[in-house]
Amino acid sequence: MTSDATAQLVDWATAASAIRAALLTSTRAVPTAPVDQLSDYDVILVVDEIDPWVTDRGWLNDFGQVLVVYWDRMHPDPNFGIEVSGNVTQYADGLKIDFSLWPVKLLEQIVASQRLSAELDAGYRILLDKDGLTAKLPPPTYRAYLPKPPTEAEYQIWINDFLTDAPYVAKCLWRDELFPAKWCLDYDMKHVYLLKMLAWRVGVAHDWAVPVGSLGKELKKRLPPALWPAVELCFAGADLADNWTALDNTMTLFRQVAVAVGDALGYAYPYELHDRVAAYVAQIRQLPPPHDPVIQTAEGTGRAFVTYKQWRLNDGQHARDLFDLIQDAIIPHYRKLDPHVQLGLLHIADSHAYLTTQRWPDRAYRERVVATPRFEQWFAEYQPLLERWDQLVTFESEWEFEEAL
């Protein structure tokens, strides 16, 4: 297969008598879309009957060695109820073709209706038409997948539904239930709700005239550059503390973007609702771990001991570097000291000040840990991190608390 497979696709379809037309869609059919060597070929094959193409799949080998293939089940087209199928075929040489199989009668009905599906309206090219089936097919507008401004009701519902996910994520993280926590945080909160809000943000900035791409692949190019670091901070691996931080960052970014969208459209953000949900999430995070009783000695109180220290970001330093230091170095180092200590970082709104938190099972527990022989070695290994910390922030004040209830 050559680097541009279009000519081979046309020659192949021309020689196959059962193929009556072939259309190219998606990225390679949009004149302004960026294309690289890994861009797919999205091809609609219009055939007399699709069943033989689904039953005998050897034709896929005509384009090279098949690495792996996914097949759609036969299903009715959502607009006309006519059965269609297709596959996503990855070839060993890097070629990838997404084949859609349409019977002739489906294309005939689309032409007769003069209404393009979103796939066609986003952009198409006629590769082959043996019978003039596409002669009266309307031209694409290239606007099918552009963001559309929400109504005020849609805007408010979207925010509400996003916020309903946060307590569930918090509960799963508290229980150390990684799979449901990640599903809700990474898929629902980010790929469903945050993604669309970011798409609306792009729409506001570009007069609703540019796409964000499938699954938001164009977002990094379309969003204001200053916003992208905050997007990256919404993602985390498997570490529980990192995911608590990612949840906070996701809620913060969602509100920031939603406020900007609302301001542009004349809609009010529900600050009170957001603050109630954020407070509830913080409350869950401060609960003692489930099925993990507080370790006590005779002098232990069983009441959690929490320290707060206020710091100010130094001139010329960046909050991103502070977050990275905590997530990538300080939290893992504290885990080596004791698994029961919980670290947190709070940003004081409208300022360059931050609060760091340490939560211990109780004061006596912390004192015992600090008195252990290994603490001295641990603290010596901690010094390089403290030096970097002092470059980023300046200490201002501190408080100590014991939970009363």
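What comes next concerns the included structure.

Basis of the calculations
Residues numbered from 1 in each chain as written. Predicted model: local features only at pLDDT ≥ 70, side-chain atom pairs only at ≥ 80, totals over all residues. Heavy atoms only, no water. Helix = DSSP H or I, 4+ residues; strand = E, 2+ residues; numbered from the N terminus. Buried < 20%, exposed > 50% of the residue type's maximum accessible area, 1.4 Å probe, protein only. Contact = heavy atoms within 4.5 Å. Phe/Tyr/Trp six-rings, centres within 6.5 Å; stacked < 30°, edge-to-face > 60°. Lys NZ or Arg CZ within 6 Å of the ring centre and 35° of its normal. Core = buried A, V, L, I, M, F, W, Y, C linked by side-chain atoms within 4.5 Å. Pairing = 2+ DSSP bridges. Axes fitted to C-alpha atoms, helices over the stretch in contact; angles between N-to-C directions. Parallel < 35°, antiparallel > 145°, perpendicular 65-115°, else oblique. Nonpolar A, V, L, I, M, F, W, Y, C, P; charged D, E, K, R; others polar.

Some thoughts on the overall build of the chain
Then step 1. Across its full length, the chain carries 13 helices and 11 strands.
Then step 2. Over its C-alpha atoms, taken along the principal directions, the chain stretches across nearly 90 × 50 × 40 Å.
Then step 3. Across the 405 residues in the chain, those meeting the buried criterion constitute 44%.
Then step 4. Contacts in the chain between residues at least 24 apart in sequence constitute 67% of all its contacts with a sequence separation of at least 6.

Focus on the packing of aromatic side chains
Then step 1. Summed over the entire model, instances satisfying the criterion amount to 27 aromatic pairs.
Then step 2. Ring centres of Tyr334 and Tyr382 lie 5.6 Å apart, and the angle between their planes is 90°; this geometry places the pair in the edge-to-face category. Highlighted residues: Tyr334 in helix α11 (residues 319-337) and Tyr382 in helix α13 (residues 373-392), separated in sequence by 48 residues.
Then step 3. Accessibility expressed as a relative area gives 10% for Tyr334, which makes it buried.
Then step 4. Through a chain of ring-to-ring contacts, the aromatic side chains of Trp12, Trp53, Trp59, Phe63, Trp71, Tyr91 and Phe99 assemble into a single cluster.
Then step 5. We note Lys196 situated over the ring of Trp158; from NZ or CZ to the ring centre the distance is 4.6 Å.

Section: the nonpolar core
Then step 1. Ranked by internal contacts, the top residues of the largest apolar core, which has 46 residues, are Tyr155, Met197, Leu247, Met251 and Phe254.
Then step 2. Where this core is concerned, the elements lending two or more residues are α5 (152-174), α6 (178-205), α8 (228-232), α9 (240-265) and α10 (271-285).
Then step 3. With 12 residues, α6 is the single largest residue contributor to this core.
Then step 4. Not counting chain neighbours up to four residues away, the residues in contact with Leu247 comprise Ala166, Val169, Ala170, Leu185, Met189 and Val281.

Here we look at the side chain of His333
Then step 1. Counting through the fold element by element, His333 comes out in helix α11.
Then step 2. The class for His333 is buried, based on a relative accessible area of 6%.
Then step 3. Discounting chain neighbours no more than four positions away, the residues touching His333 are Trp378, Glu381, Tyr382 and Leu385.

Some words on the pairing of strand β6 (residues 96-103)
Where a strand is regular, its side chains alternate between the two sheet faces.
Then step 1. For β6, the tally of buried residues reaches 7 of 8 residues, placing the bulk of the element in the interior.
Then step 2. Pairing of strand β2 (residues 41-47) with β6, which is carried by 7 bridges, proceeds in the parallel orientation. Looking at β6, one finds that Val47 is bridged to Pro103.
Then step 3. Note: strand β5 (residues 83-91) against β6, 6 bridges, orientation antiparallel. Note on β6: the bridge partner recorded for Asn87 is Phe99.
Then step 4. If you look at the hairpin formed by β5 and β6, you'll find 4 residues sitting between the two strands, and Gly94 has a positive phi there, around 105°.

Structural notes on the sheet that holds strand β10 (residues 353-360)
Then step 1. Here 4 strands make up an open sheet; going across it, the order is β9-β10-β8-β11 and the pairing antiparallel. Single-partner strands in this sheet number two, and they are β9 (342-347) and β11 (393-402). Pairs of neighbouring strands in the sheet enclose a mean axial angle of 20°, with direction left out of account.
Then step 2. In terms of strand pairing, strand β8 (residues 305-313) meets β10 through 8 bridges, oriented antiparallel. By the bridge assignment for β10, Arg312 is matched with Ala353.
Then step 3. Sitting on the sheet, α11 touches β8, β9, β10 and β11, and the angle it makes with β9 is about 165°.
Then step 4. This element, α13, spans β8, β10 and β11 of the sheet and lies at about 110° to β11.

Some points on the packing of α5 against α10
Then step 1. For the pair α5 and α10, interaxial distance at closest approach is 9 Å and the crossing angle is 5°. Regarding the angle of α5 to α10, the classification is roughly parallel. Residue-level contacts link Asn160, Leu163, Ala166, Pro167, Ala170, Lys171 and Trp174 of α5 to Leu273, His274, Val277, Tyr280, Val281 and Ile284 of α10.
Then step 2. Residues belonging to the contact of α5 with α10 are distributed by class as follows: 10 nonpolar, 2 polar and 1 charged.

Things to note about unusual backbone geometry
Then step 1. In this model, Asp207 sits at a positive phi of 55°, which is unusual for a non-glycine residue.
Then step 2. Structurally, Asp207 is set in the loop between α6 and α7 (219-222).
Then step 3. Judged by its relative accessible area of 63%, Asp207 is exposed.
Then step 4. Positive phi values are uncommon outside glycine, yet Trp208 reaches one of about 60°.
Then step 5. Here Trp208 shows up in the loop between α6 and α7.
Then step 6. Taking the relative accessible area as the measure of exposure, Trp208 reaches 13% and is therefore buried.

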